[in-house]
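Descriptive analysis of the structure
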Amino acid sequence: MKNIKIITLALSTLFLTSCGNEKTATSQLKRTAETEKLLANLTELPQKGFLFGHHDDTNYGINADGTGWEFEEGRSDIQSVCGDYPGIISFDLGEIELGGEVSLDKVPFEKIRQEIINQYQRGGLSSISWHIRNPKTGGDAWDVSDTTVVRAILPEGELHEKFTGWLDIMANFLNSLQTSEGVKVPVLFRPWHEHTGSWFWWGQKLCSANEYKALWKLTYDYLTEKGVNNCLYAYSPGTEPQSESDYLERYPGDDIVDLIGFDTYQGGNRDQFINGLQRMLAMIETIGKKHNKVIAITETGFEGVPDSEWWTGTLLPTIKDYPIAYVLVWRNARERTSHHYAPYPGHPSAENFIEFYNSPQTLFAKDINLYE
Ligand code: BMA
């Protein structure tokens, strides 16, 4: 009896110790050398300029006659206009969690994987957002009909397992980003964005600050545990925060986040856009310095770019004095061509975009190698 007790004790000690070690190993999981290099280069980049970015740039776009194109090898509206690819291209993995082959914007995940690798080989950066479906209602990311979704997917919640199953799919995708030489390609992951508004199920009025932070921690810890070591993480609220403390109210922590930014769009009122942009830039510049984080304009644009001088008349002068790593405009939707944010050949703002491209401050793929 005594011996059995001793054996049991020894075994459980062994078990606890090994669990303990595993836990330590997980939290100490090192990022790949390429990912560290990327972070170091992004940190120094503002001394040189900022990357220009475009969402889904190499997946689809708009022809000179105003019709759409998609999935043409090497094609990009930005490249067609200025002869160079964006320094950063963003992609959205919305609906990867459903296990199908195409995203919410009908782009095959295989194509996204290939484009992320291509962008790495150009020395540029890829960023990933996730318009993930509502795991409780079955609706899309914009389904805000239920205010208990975040709570339900946290560790004690009834949908926790369903959600970690979705994270498994995301982890598999992130881990699969490898070149033919076996190099894991680093990406900037930007989940749970625009959470200071209330249009996504993880938004301001849809969960508490603690729940939102717990969601981030769960995402980060789970992916890390699954061996994801090629990600930097971006925190990007909207323009709602009025103060540093507003901005940081739901900040998941310096140990998780590498880059801080915000999303903002120009609507009808130009002055309002400029003022909001500068207010937010000043705010993240200060917070970035205090927290030692890279800063960026994670999404912006003027739908349809109806101002032909917008690039050097509004965007560049507004942002040029802030130490941002990048500014990124949203997609040129080939299925709804009025929904575009970048020029294409023949676009009224194309000439002005070339001027923007020629500014020494704007960095495109040929200007950089973020992995050297
Ligand atoms: C939105 C719009 C949608 C799109 C979504 C995810 O801002 O562009 O049409 O489905 O982003 O890319």
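Cut-offs applied
Residues numbered from 1 in each chain as written. Predicted model: local features only at pLDDT ≥ 70, side-chain atom pairs only at ≥ 80, totals over all residues. Heavy atoms only, no water. Helix = DSSP H or I, 4+ residues; strand = E, 2+ residues; numbered from the N terminus. Expected span 1.5 Å × (residues − 1). Buried < 20%, exposed > 50% of the residue type's maximum accessible area, 1.4 Å probe, protein only. Contact = heavy atoms within 4.5 Å. Near = heavy atom within 4 Å. Polar contact = N/O pair within 3.5 Å; in protein donor to acceptor, adjacent residues only side chain to side chain. Areas by Shrake-Rupley, 256 points an atom, 1.4 Å probe, with all protein chains shown as cover. Nonpolar A, V, L, I, M, F, W, Y, C, P; charged D, E, K, R; others polar. pLDDT = per-residue confidence, 0-100. Axes fitted to C-alpha atoms, helices over the stretch in contact; angles between N-to-C directions. Parallel < 35°, antiparallel > 145°, perpendicular 65-115°, else oblique. Left-handed = near helix turned anticlockwise from the far one by under 90°. Core = buried A, V, L, I, M, F, W, Y, C linked by side-chain atoms within 4.5 Å. Phe/Tyr/Trp six-rings, centres within 6.5 Å; stacked < 30°, edge-to-face > 60°.

Over its 16 residues, helix H6 (residues 160-175) runs 22 Å from end to end, which matches the ideal 22 Å to within 8%, given 1.5 Å per residue. If you check which residues of H6 are buried, you get His160, Phe163, Thr164, Trp166, Leu167, Met170, Ala171, Phe173, Leu174 and Asn175. Where the residues of H6 are buried, they touch helix H4 (109-121), strand E5 (125-129), helix H5 (149-153), strand E6 (187-190), helix H7 (209-225) and strand E7 (231-235).

Before going further, it helps to spend a moment on the site of the ligand. Near the ligand you find His55, Leu104, Asp105, His131, Trp142, Trp330, Arg331, Arg336 and His339, and these make up its full shell. In the model, an oxygen atom of the ligand is placed 2.6 Å from a nitrogen or oxygen of the Asp105 side chain. Taking Arg331, its side chain carries an N or O atom lying 2.8 Å from an oxygen atom of the ligand. Here the ligand loses 79% of its free accessible area of 310 Å² to cover by the protein chains. Classifying every residue of the shell around the ligand by side-chain character gives three nonpolar, three polar and three charged.

Attention shifts here to the confidence of the model for the chain. Taken as a whole, the chain shows an average pLDDT of 94; of its residues, 92% reach a score of 70 or greater. Segment residues 1-26 is flagged for pLDDT under 50; beyond a separation of four residues in sequence, or across chains, it makes two contacts in the model.

Here the focus is the packing of H6 against H7. In the contact formed by H6 and H7, the axes pass within 10 Å of each other and the chain directions differ by 50°. Judged by the inter-axis angle, H6 sits oblique to H7. For the pair H6 and H7, the crossing hand works out as right-handed. Within the contact between the two elements, H6 uses His160, Phe163, Thr164, Leu167, Asp168, Met170, Ala171 and Leu174 and H7 uses Leu215, Leu218, Thr219, Tyr222 and Leu223. Here the residues of the contact of H6 with H7 are counted per class, giving nine nonpolar, three polar and one charged.

Where a protein is soluble and globular, its nonpolar side chains tend to be buried together. Ranked by size, the top nonpolar core spans 107 residues in total, and within it Leu42, Leu51 and Trp202 carry the most contacts. Among the elements that line this core, the one with the most residues is helix H9 (residues 270-291), at eight residues. Those residues in contact with Leu42, other than ones at most four positions away along the chain, are Leu51, Leu125, Leu232, Val294, Ala325 and Leu370.

Within the structure shown, the criterion is met by 27 aromatic pairs. Between Phe200 and Trp202 the ring centres are 4.7 Å apart and the planes differ by 20°, which places this aromatic pair in the stacked class. On the basis of relative accessibility, which here comes to 2%, the residue Phe200 falls in the buried class. Judged by its relative accessible area of 0%, Trp202 falls in the buried class. Here the aromatic rings of Trp216 and Tyr233 are separated by 6.3 Å at their centres, their planes lie at 65°, and the arrangement is edge-to-face.

The next thing to look at is the environment of Lys366. For Lys366, the location among the structural elements is in the segment after strand E11 (362-363). Here the alpha-carbon distance between Lys366 and Gly124, two residues 242 residues apart in the chain, equals 8.7 Å.

Viewed as axis vectors pointing N to C, H9 and helix H10 (residues 310-319) meet at an angle of 30°, and their least axial separation amounts to 9 Å. As summarised for this structure, H9 and H10 are arranged roughly parallel, according to the angle between their axes. Between H9 and H10 lies a crossing whose hand is right-handed. Residues Arg270, Phe273, Ile274, Leu277, Gln278 and Leu281 of H9 touch H10, and the partners they reach there are Trp310, Gly313, Thr314, Pro317, Thr318 and Ile319. A breakdown of the residues in the contact of H9 with H10 according to their chemical character gives seven nonpolar, four polar and one charged.

Attention now goes to the side chain of Glu95. Structurally, Glu95 is set in the loop between strand E4 (88-92) and H4. Residue class for Glu95 comes out buried when judged on its relative accessible area of 18%. Within polar-contact distance, the side chain of Glu95 engages the side chain of Arg133 at 3.0 Å. Excluding residues that lie within four positions of it along the chain, Glu95 makes contacts with Val102, Ser103, Leu104, Phe109, His131 and Arg133.

Working note: non-glycine residues mostly have negative phi, and peptide bonds are mostly trans. Phi at Lys106 takes a positive value of approximately 60°, unusual for a residue other than glycine. Topologically, Lys106 is positioned in the loop between E4 and H4. A residue is classified by how much of its surface remains accessible, and Lys106, at 53% relative accessible area, is exposed. Even without being glycine, Val305 reaches a positive phi, approximately 40°. By the secondary structure assignment, Val305 is in the loop between strand E9 (294-300) and H10. Judged by relative accessible area, Val305 falls into the buried class, the value being 2%.

The next subject is the side chain of Thr58. Topologically, Thr58 is positioned in the loop between strand E1 (50-55) and strand E2 (60-62). The exposure class assigned to Thr58 is buried, which follows from its relative accessible area of 2%. In contact with Thr58, not counting residues within four places along its chain, are Arg75, Ser76, Tyr85, Ile89, Phe91, Lys111, Glu115 and Arg122.

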